[in-house]
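# Survey of secondary and tertiary structure
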Amino acid sequence: MDSSNLGSVPEETLEEQLHQQQQESKPVVSAFASVPDRPPTQGFSQKYSPLDWSGYFDREEDICIPDSNDVFHLYMTGTEGPVIFCLHGGGYSGLSFALSASKIKEKARIVAMDLRGHGKSSTENDLDLSIETMCNDVFAVLKALYGDSPPAIVLVGHSMGGSVAVHVAAKKTLRSLAGLVVVDVVEGTAMASLMHMQKILSNRMQHFSSIEKAIEWSVRGGSLRNIDSARVSIPTTLKYDDSKKCYVYRARLEETEQYWRGWITGYEASIRRVPLLDYKFSSPVSRYEGLSEKFLSCPVPKLLLLAGTDRLDRALTIGQMQGKFQMVVVRHTGHAIQEDAPDEFAMLILNFISRNRIGPHGVEIPGLCRPARPQS
């Protein structure tokens, strides 16, 4: 693409232009002026400047996977309690959970992973976002961290990461799995939105002259509603392109279309970039083993967090009526609940592990009160 036609955020925002006009039209202040000038407001660069991960996590670590060149980047905090293992959505990074982690770490350990093709992780094939590959990545990282004796683990997955979490849990091979939290991904809605994904991705701002501009765009464009979270998480979703002399997205999601349906059904298209509307399931059993059925089949306590009233399919509707999982609708947030409402998200996670008595080894956590039961 010609770098002269980059669709980046304008170099001067409306706020900056207004300030410039005020400066040009401001009269010379005499010694007899009765009203002093207002103090300068917070500058653009300061308002949208990046925040370092170390203010929210205790450490970062690179996990090298044996017999491969794959290296996965982790952010970690907390010293006791169960492990809250966080998987971010497509195009995000582990730092998507930064603000909420700073609250959860008082009662649990948090590990936030950069999935392949995202953040600071580096793999032999960053474009292989098949559900099977990403599940294997999670198992490999857990094995490298904890060996054959992992502590109690609660999988928390947002969007694409929620699908990975469900598929990992549904395999029923992680013996220490103690809970599953899925954030804003429902099979019916996800399937309906797949046909629009390429358009959504192409309509995003593609190039940024600075990280500050990218943070500004994410907040003003509405993709994130919490400016502090954006200042932490957005920088690791970008990389600098020397040829274009600007910042572009780290994750090349538009090149992974063949895997999108697999995040929901468990089956990918066999030919690269098969048109979504022409997709045929590779196996008739897949229609019965979609995301909802896998979610309900997981033999652990489950929590579904939604950003708004969503379309629950028949399986989830029946499952909710039967009390097979807990569902909470978090109002006034966007798609990234953990970023937009980190305090409420942290509270919901802590209440979930308390309600289900999920401790370091499956016992009740000291200091966390169980919700009071209604009087009979």
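Keep in mind that what you see is a predicted model, and the values were worked out from it rather than measured.

Between helix α4 (residues 131–146) and helix α5 (residues 160–170), whose axes approach to 9 Å, the crossing angle comes to 75°. Classified by the interaxial angle, the pair formed by α4 and α5 is roughly perpendicular. Counting all contacts with α4, which are made through Ile-131, Met-134, Cys-135, Val-138 and Phe-139, the residues of α5 involved are Met-160, Ser-163, Val-164, His-167 and Val-168. Taken together, the residues that form the contact of α4 with α5 break down as 8 nonpolar, 2 polar and no charged.

Quick look at the sheet that holds strand β3 (residues 83–87) now. Reading across from one edge, β1-β2-β4-β3-β5-β6-β9-β10 is the order of the 8 strands in this open sheet, with mixed pairing throughout. Among the strands making up the open sheet, the edge pair consists of β1 (59–64) and β10 (326–329). Shown here is a sheet whose adjacent strand axes are inclined to one another by a mean of 20°, direction ignored. Relative to strand β4 (residues 109–113), β3 is paired through 5 bridges, and the arrangement is parallel. Residue pairing across strands places Ile-84 opposite Ile-110, the latter belonging to β4. Sitting on the sheet, α5 touches β3, β5 (153–158) and β6 (177–183), and the angle it makes with β5 is about 145°.

This part takes up the packing of aromatic side chains. A complete count under the given rule lists 7 aromatic pairs for this structure. With a centroid separation of 5.1 Å and 70° between ring planes, the pair formed by Tyr-240 and Tyr-247 is classed as edge-to-face. Among the aromatic residues, ring-to-ring pairing joins Trp-53, Phe-57 and Tyr-75 into one connected group. The ring centre of Tyr-249 lies 3.8 Å from the NZ or CZ of Arg-204, which sits over that ring.

Here we take up the confidence of the model for the protein. Averaged over every residue, the pLDDT of the protein is 82; the share at 70 or more is 77%. Low pLDDT, under 50, characterises residues 21–41; the predicted model gives this stretch 2 contacts beyond four residues in sequence or across chains. Taken as a whole, residues 369–376 scores under 50 in pLDDT and shows 7 contacts with residues more than four places along the chain or in a different chain.

Ranked by size, the top nonpolar core spans 52 residues in total, and within it Phe-85, Met-113, Leu-155, Leu-180 and Phe-295 carry the most contacts. Sequence-distant contacts of Leu-155, that is, excluding residues within four places in its chain, are made with Phe-85, Ala-165, Val-168, Ala-169, Leu-177, Gly-179, Leu-180 and Val-181. Counting 36 residues, the second largest nonpolar core, distinct from the first, contains Phe-97, Ile-110, Leu-305 and Ile-358.

This part covers α5. When you tally the buried positions in α5, you get 11 out of 11 residues, the bulk of the element. Where α5 is concerned, the buried positions are Met-160, Gly-161, Gly-162, Ser-163, Val-164, Ala-165, Val-166, His-167, Val-168, Ala-169 and Ala-170. Where α5 terminates, the next one or two residues include Lys-172, which has phi positive at roughly 60°.

Now for the UniProt feature "active site" (unreviewed entry) in the protein. Here the UniProt-annotated "active site" (unreviewed entry) positions come out as Ser-159, Asp-184 and His-335. For this annotated set, covering 177 residues, all C-alpha atoms fall within 8.3 Å of each other, a compact arrangement in space. On the secondary structure map, Ser-159 appears in the loop between β5 and α5. Judged by relative accessible area, Ser-159 falls into the buried class, the value being 19%. Leave out the neighbours within four places in its chain, and Ser-159 touches Gly-89, Val-183, Asp-184, Val-185 and His-335.

What follows deals with helix α8 (residues 211–220). Three or more residues of α8 are buried, namely Ile-211, Lys-213, Ala-214, Ile-215, Glu-216 and Ser-218. Trailing α8 by a residue or two, Gly-222 shows a phi angle of about 90°, which is positive.

This next bit is on the pattern of salt bridges. Tallied over the entire structure, the rule returns 11 salt bridges. Linking Asp-343 and Lys-103 is a salt bridge whose minimum nitrogen-to-oxygen distance equals 3.9 Å. In this pair, Asp-343 sits in helix α14 (residues 342–355) while Lys-103 sits in helix α3 (residues 98–104), placing the two residues 240 residues apart along the sequence. For Lys-103, a relative accessible area of 38% corresponds to the partly exposed category. Put simply, Glu-216 and Arg-220 hold a salt bridge, and the shortest N to O gap is 3.4 Å. Placement of the pair is Glu-216 and Arg-220 together in helix α8, with a separation of 4 residues, close to one helical turn.

The buried fraction of strand β2 (residues 71–77) is high, at 6 of 7 residues. One ladder, built from 6 bridges, connects β1 with β2; its direction is antiparallel. Residue pairing across strands places Ile-63 opposite Phe-72, the latter belonging to β2. As consecutive antiparallel partners, β1 and β2 are separated by 6 residues, and within that stretch Asp-67 has a phi angle of approximately 60°, a positive value.

The rules behind the values
Within each chain, residues carry numbers counting from 1 in the order of the written sequence. Two thresholds apply to this predicted model, a pLDDT of at least 70 for residue-level local features and 80 or more for giving and counting side-chain atom pairs, whereas whole-chain, interface and lining totals are computed over all residues. For side-chain calculations, the full set of non-hydrogen atoms in the structure is used, while hydrogens and water are omitted. A fitted line through C-alpha atoms represents every axis, and for helices the fit uses only the stretch in contact; the resulting angles, taken between N-to-C directions, go from 0 to 180 degrees. Put simply, DSSP marks the helices as runs of H or I at least four residues long and the strands as runs of E at least two long, and each gets a number from the N terminus on. Angles below 35 degrees are treated as roughly parallel, those above 145 as roughly antiparallel, those between 65 and 115 as roughly perpendicular, and all remaining angles as oblique. Note on contacts: a residue pair is in contact if any heavy atoms of the two residues lie within 4.5 Å. Residues are grouped as follows: Ala, Val, Leu, Ile, Met, Phe, Trp, Tyr, Cys and Pro are nonpolar; Asp, Glu, Lys and Arg are charged; every other residue, Gly included, is polar. At least two bridges found by DSSP between two strands is the condition for calling them paired. Any Phe, Tyr or Trp ring, taking Trp's six-membered ring, that has another such ring centre within 6.5 Å forms a pair; planes under 30 degrees apart are called stacked, those over 60 apart edge-to-face, and the others tilted. Definition used: whenever NZ (Lys) or CZ (Arg) falls within 6 Å of the ring centre and also within 35 degrees of the ring normal, the charge is taken to sit over that ring. The predictor reports its confidence for every residue as pLDDT, a score running from 0 up to 100. Throughout this description, the term nonpolar core refers to a set of buried Ala, Val, Leu, Ile, Met, Phe, Trp, Tyr and Cys residues connected via side-chain atoms within 4.5 Å. Burial status follows relative accessibility: with a 1.4 Å probe on protein chains alone, a residue under 20% of its type maximum counts as buried, one over 50% as exposed, and anything between as partly exposed. UniProt positions are given in the numbering used here, feature names are shortened, and annotations may be inferred rather than shown by experiment. Salt bridges are counted wherever a side-chain nitrogen of Lys or Arg sits within 4 Å of a carboxyl oxygen of Asp or Glu.

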